[in-house]
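One-letter residues, chain by chain:
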Amino acid sequence: MVPLDRANVDTDAIIPKQFLKSIKRTGFGPNLFDEWRYLDRGEPDMDSSSRPLNPDFILNQPRYRGATVLVSRENFGCGSSREHAPWALLQYGFQAVIAPSFADIFYNNSLKNGLLLIKFEPKIVDQLIRDAQGKEGYRLAVDLEDQSVTTPTGEIFKFDIDPFRKQCIMNGTDDIGLTLTHADEIRAFETKHKQSQPWLFS
Amino acid sequence: MARTLYDKLWDGHVVREEQDGTALLYIDRHLVHEVTSPQAYEGLAIAGRKVWRVDSVVATADHNTPTKDWDKGIQDPVSRLQVETLDDNMKKYGAKVYFPFLDKRQGIVHVIGPEQGATLPGMTVVCGDSHTSTHGAFGALAFGIGTSEVEHVLATQCMVMQKSKTMHVVVEGRLPTGVTAKDITLAVIGKIGSGGGTGYAIEYAGEAIRELSVEGRMTLCNMAIEAGARTGLVAVDDKTIAYLEGRTFAPKGEQWDKAVAYWRTLTSDEGAKFDKVVTLKAEEIKPQVTWGTNPQMVVAVDGKVPDPAQEKDPVQREWAERALKYMALAPNTPITDIKLDKIFIGSCTNSRIEDLRAAAAVVKGKHVASSIKLALVVPGSGLVKTQAESEGLDKVFIEAGFDWRQPGCSMCLGMNDDQLLAGERCASTSNRNFEGRQGPGGRTHLVSPAMAAAAAIAGHFVDVRNFK
Ligand code: SF4
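All of these numbers come straight from a predicted model, not from anything done at the bench.

### Remarks on the domain arrangement of chain A
Each assigned domain of chain A is listed here: domain 1 (2-140) and domain 2 (173-202). The centre of domain 1 of chain A, based on its C-alpha atoms, is set 37 Å off from the matching centre of domain 2 of chain A.

Below is the structure:
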């Protein structure tokens, strides 16, 4: 796991605006935390593999290479609604983010894309961050089925997730297809709505 | 049972509800712009799906559009492709109305919705943009969504969501002269924190809110998201109705009367229960200036940059230290000692006609300080620009040394050429002062239009309440 010891990490930091010009859903991994991660200024058409890395930024430290869990502080994902933020985190290789709290829109965007967000008490997050900083090779085992996170010493922390979202992350679902199974109800609502507020439909 | 405005709007749009409270919520208005829609339309195409209700869609290109040399088109090929992709999607899928680049009515999506009467009380309004909260100023349930949700709404006209908790932010009393809606909204964020509204829909109420113009209420609700709340709301009153009358997409004739009768019910009932209540006294609010890299890092203009050493919580202390380092500010610096490089008057927070009037009133007959490298005024829409020009505001700004530009998001986020260079310090009427928001390494201080205008003249922050 990577301990990103900052509060209020915003989506502008997760993926800066210039990369939002893309009309694709992929290719954002190399630009995750772009301004913190590289010393030069990133542009959408650059080959990031040859850019100068900021050695002080945590993702660039060799001991955290290949990590799949990110741990950060409160209000993670605040700011812009850009879904490019969870795309970038996932495409970099993160599968889960642990924090005491997440911004609402980011939370939904992440779950829609299968990025697992785990809320823990600030005290637990603090412990995880300190332990990871203190010990090289610190790894967490995240078990979504069991809704638990296990530390290297065997300490187990349970987390909550709504059952529907859990299913979506585990099996992947077509949200739109699911909603469209209620198409008749939507149409019925629409008819009624139109009768009572016709100006909404003119 | 007494219901809040939020309850009423929510109840009026539930198509079905699951046992766990997850609801399918019907969406009346879908605002679309070029940045968060291409992947959604692509998703529709891949799945072979149609747009459920084309006439619910109102679209424009605003984030990537340049603010000068419109005759040259969009120079940046990546930006151009994104805008052209929206053009193509509009051709293919359609909309109630689309204001493309170069159209006279084009502008920032949150400015043109209300301006066109495409945002109405009682509606559910969504947009792939977090500042959709702006539209709550009309007693509409409005919230920002991500791209997957954009696709979901396009295909189904619905959102899958759970009800939020409600927060009543009551601002009692009257605002002192020189203090604006922007200062209220910043003061609220300063008080509850940038995560304080997470999970809540905020309804703003109290004498000071009723006294605000509808445009001021938009400024207020615009930044609900900066307090963490997806939704900001203000109840409908005479001002709301007067603002909408005669607008292009507002109902007419008999329909108008019916609509107005319904809209008048869009207030929280006497005795309705909120999950949380926050109270502020308007008399105590002063012009606000942010000093850090998050909107909650804010103080009054007569205050000082805080000293992180005074902060007991180590996480907060570390955060403040990092912010001061980024902002290149020393603790205890008086706010009015902070010198600026650039001035930006614009964005969906403060680019409407009243904002421009307020700024123009401050700069009239004066000149931008010689130390200011660039002072930009970017109207929120083509119609705002035309209106301002008919009032002669463009001349006031130009004579004072400002650049008078074409509408768009511009330096609010710098997806076009309008950006801060590393190390530059800006007084900005926008809504986010995050690291790099206005350009990598740029330093942003959020203020009201009058405060930005006064800072442009002085070259540093000044208290607009006694600025002559
Ligand atoms: S003006 Fe700024 S905040 Fe508003 S929609 Fe544009 S980029 Fe977003």
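Still more to cover.
### Quick look at unusual backbone geometry
If you check the backbone angles, Phe-33 of chain A has positive phi at about 50 degrees while not being a glycine. Locating Phe-33 of chain A in the fold gives a position in the loop between helix H1 (11-14) and helix H2 (34-37). Phi at Ala-328 of chain B is positive, roughly 55 degrees, even though this residue is not glycine. Position of Ala-328 of chain B relative to the elements: it lies in the loop between helix H11 (314-327) and strand S15 (342-345).

### Quick look at the environment of Leu-89 of chain A
Residue and element names in this part refer to chain A. Tracing the sequence through the fold places Leu-89 in helix H3 (residues 84-92). By relative accessible area, Leu-89 is classed as buried at 0%. The sequence separation of Leu-89 and Leu-70 amounts to 19 residues, and the corresponding C-alpha distance is 9.1 Å. When near neighbours in sequence (up to four residues on either side) are disregarded, Leu-89 contacts Ile-14, Leu-32, Phe-33, Leu-70, Phe-76, Phe-94, Val-97, Phe-106 and Leu-115.

### Digging into the packing of helix H6 (residues 181-192) of chain B against helix H8 (residues 214-222) of chain B
All names here are of chain B. At a closest axis distance of 8 Å, the pairing of H6 and H8 adopts a crossing angle of 25 degrees. Classified by the angle between their axes, H6 and H8 sit roughly parallel to one another. Here H6 runs over H8; the crossing is right-handed. On H8, the residues that touch Ala-181, Lys-182, Ile-184 and Thr-185 of H6 are Gly-216, Thr-219 and Leu-220. Residues of the contact of H6 with H8, tallied by class, amount to three nonpolar, three polar and one charged.

### Section: the site of the ligand
Contacts to the ligand come from His-63, Ile-108, His-110, Asp-129, His-131, Ser-347, Cys-348, Cys-409, Cys-412, Leu-413, Asn-431 and Arg-437 of chain B. Across the shell around the ligand, the residue classes break down as five nonpolar, five polar and two charged.

### Structural notes on the pattern of salt bridges
Residue and element names in this part refer to chain B. Taken as a whole and judged by the stated rule, the model has 40 salt bridges over all chains. Between Lys-72 and Asp-69 there is a salt bridge, with its nearest N and O atoms 3.6 Å apart. For Asp-69, a relative accessible area of 40% gives the class partly exposed. Salt-bridge contacts for Glu-424 lead to Lys-342; the nearest nitrogen and oxygen are separated by 2.7 Å. Placement of the pair is Glu-424 in the loop between strand S17 (403-404) and strand S18 (425-428) and Lys-342 in strand S15, with a sequence separation of 82 residues. For the pair shown, Glu-424 and Lys-342 are each scored as buried.

### As for the interface of chain A and chain B
How large an interface is tends to be reported as the accessible area lost when its parts come together. At the interface, 56 residues of chain A touch 76 residues of chain B. Taken together, chain A and chain B are joined by five salt bridges. Here Arg-16 of chain B and Glu-185 of chain A are joined by a salt bridge, their closest N and O atoms 2.9 Å apart. Where chain A touches chain B, the interface holds 35 residue pairs in polar contact (both at pLDDT 80 or more). Counting only elements with at least two residues in the side of chain A that touches chain B, the list comes to H2, H3, helix H4 (104-112), helix H7 (175-180) and helix H8 (183-196) of chain A. The element that contributes the greatest number of residues to the side of chain A that touches chain B is H8 of chain A, accounting for seven residues. Its residues assigned to classes, the side of chain A that touches chain B shows 18 nonpolar, 16 polar and 22 charged.

### Remarks on the nonpolar core
Counting residues in hydrophobic clusters, the biggest one holds 106 residues, and the most contacted among them are Tyr-41, Phe-143, Val-169, Val-171, Tyr-204 and Trp-263 of chain B. The element that contributes the greatest number of residues to this core is H6 of chain B, accounting for seven residues. The contacts of Trp-263 of chain B, once residues within four sequence positions are left out, are Trp-199 of chain A together with Leu-120, Pro-121, Val-236, Ile-241, Leu-244, Pro-251 and Trp-256 of chain B. One finds Ala-320, Leu-356, Leu-413 and Ala-453 of chain B within the second-largest nonpolar core, a separate group that totals 90 residues.

Each value, and the rule that gives it
- Residues numbered from 1 in each chain as written.
- Chains lettered and ligands numbered in written order.
- Predicted model: local features only at pLDDT ≥ 70, side-chain atom pairs only at ≥ 80, totals over all residues.
- Heavy atoms only, no water.
- Domains from an automatic or database assignment.
- Helix = DSSP H or I, 4+ residues; strand = E, 2+ residues; numbered from the N terminus.
- Buried < 20%, exposed > 50% of the residue type's maximum accessible area, 1.4 Å probe, protein only.
- Contact = heavy atoms within 4.5 Å.
- Axes fitted to C-alpha atoms, helices over the stretch in contact; angles between N-to-C directions.
- Parallel < 35°, antiparallel > 145°, perpendicular 65-115°, else oblique.
- Left-handed = near helix turned anticlockwise from the far one by under 90°.
- Nonpolar A, V, L, I, M, F, W, Y, C, P; charged D, E, K, R; others polar.
- Near = heavy atom within 4 Å.
- Salt bridge = Lys/Arg side-chain N within 4 Å of Asp/Glu carboxyl O.
- Polar contact = N/O pair within 3.5 Å; in protein donor to acceptor, adjacent residues only side chain to side chain.
- Core = buried A, V, L, I, M, F, W, Y, C linked by side-chain atoms within 4.5 Å.

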